[in-house]
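# Fold and geometry: a report
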Amino acid sequence: AVWLLFLVLMGIVSGKLAFAQQADKDNTEKLFLNEKGSIEKTIRDYYDLAYDMYLNLELKDMSVVLNMESIQNQNFMIAMEENIYGYKDWLKKLEMANVREEDVERYPLYFDFNQPEINGDKAIVKVNLKGEDLKAYPAFVVLGENEFHLDKIEGKWLINEHYYDDWYLFEGSRTEKK
């Protein structure tokens, strides 16, 4: 009778341990999905804000998506400012050619996110950025593979570095400010 009681108790304890392990696994999975969603939102918001700046011809606070301690991100903001001034000149030329400003539009972007590599407060994610054929996207939109390096700062994922083909043509150096 003692052995039977012992076996029953061991079965209960084992069942509770298995349940606790499954709960930990489920919580880890939920946390990963939350982090993945936050990372993807940061990247989408980056493009939305950059496009807003470009089309509205005014700089915005990008520190909500960019780690502004990063030289590359500082150079990105300088490049955006230069592009906005260039875009204003282009719009004046369009106006002289009787093309209306509203004919210049935001073209759709399609995001194909790979699984992010998350290591503590650092993450790397590759995104295949797709758009529509024969559309002239702004210089900060590079279709194809983009790799983002993010840091989690004060609980928020921020882009620290962004790699894509010919990035240096737009942003210049990653180590020296423009």
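Remember, predicted model here, so these are calculated numbers, not experimental data. (Residues numbered from 1 in each chain as written. Predicted model: local features only at pLDDT ≥ 70, side-chain atom pairs only at ≥ 80, totals over all residues. Heavy atoms only, no water.)

## Observations concerning the packing of aromatic side chains
Under the counting rule described, the total for this entry stands at 9 aromatic pairs. The interplanar angle of 40 degrees and the centroid separation of 5.4 Å between the aromatic rings of Tyr46 and Phe76 together place this pair among those described as tilted. With a gap of 30 residues between them, Tyr46 in helix α1 (residues 2-56) and Phe76 in helix α2 (residues 71-96) connect regions that are remote in the sequence. When its relative accessible area of 1% is taken as the criterion, Phe76 is described as buried. With centroids separated by 5.7 Å and ring planes inclined at 10 degrees, the aromatic side chains of Phe111 and Phe113 adopt a geometry described as stacked. With relative accessibility at 15%, the residue Phe113 sits in the buried group. Here the aromatic residues Tyr46, Tyr47, Phe76, Phe111, Phe113 and Phe148 are joined through ring pairs into a cluster of three or more. (Phe/Tyr/Trp six-rings, centres within 6.5 Å; stacked < 30°, edge-to-face > 60°. Helix = DSSP H or I, 4+ residues; strand = E, 2+ residues; numbered from the N terminus. Buried < 20%, exposed > 50% of the residue type's maximum accessible area, 1.4 Å probe, protein only.)

## What to know about the pattern of salt bridges
Scanning the entire structure with this criterion turns up 7 salt bridges. The closest approach of N and O atoms between Lys122 and Asp151, which form a salt bridge, is 3.0 Å. Linking Lys122 in strand β3 (residues 122-130) with Asp151 in strand β4 (residues 144-153), this pair joins segments that are 29 residues apart in sequence. Within this structure, Asp48, Asp52 and Arg106 form a network of salt bridges that share partners. (Salt bridge = Lys/Arg side-chain N within 4 Å of Asp/Glu carboxyl O.)

## Observations concerning unusual backbone geometry
The phi angle at Leu134 is positive, at roughly 65 degrees, despite the residue not being glycine. Within the secondary structure layout, Leu134 lies in the loop between β3 and β4. At Glu154, a residue that is not glycine, the phi angle is positive and equals roughly 50 degrees. For Glu154, the position within the fold is in the loop between β4 and β5 (156-163). Judged by relative accessible area, Glu154 falls into the exposed class, the value being 82%.

## Quick word on the nonpolar core
Ranked by size, the top nonpolar core spans 34 residues in total, and within it Ile43, Tyr46, Tyr47, Met62, Phe76 and Phe148 carry the most contacts. Going through the elements one at a time, α1, α2, β1 (110-113), β3, β4 and β5 are the ones with two or more residues in this core. Looking at this core, the element that brings in the most residues is α1, giving 9 residues. If sequence neighbours within four positions are ignored, Tyr47 has contacts with Leu109, Phe111, Leu129, Phe140, Val141, Asn146, Phe148 and His162. (Core = buried A, V, L, I, M, F, W, Y, C linked by side-chain atoms within 4.5 Å. Contact = heavy atoms within 4.5 Å.)

## So, the environment of Gly120
Here Gly120 lies in the loop between β2 (117-119) and β3. On a C-alpha basis, the gap between Gly120 and Lys152 in space is 8.4 Å, while along the polypeptide they are 32 residues apart.

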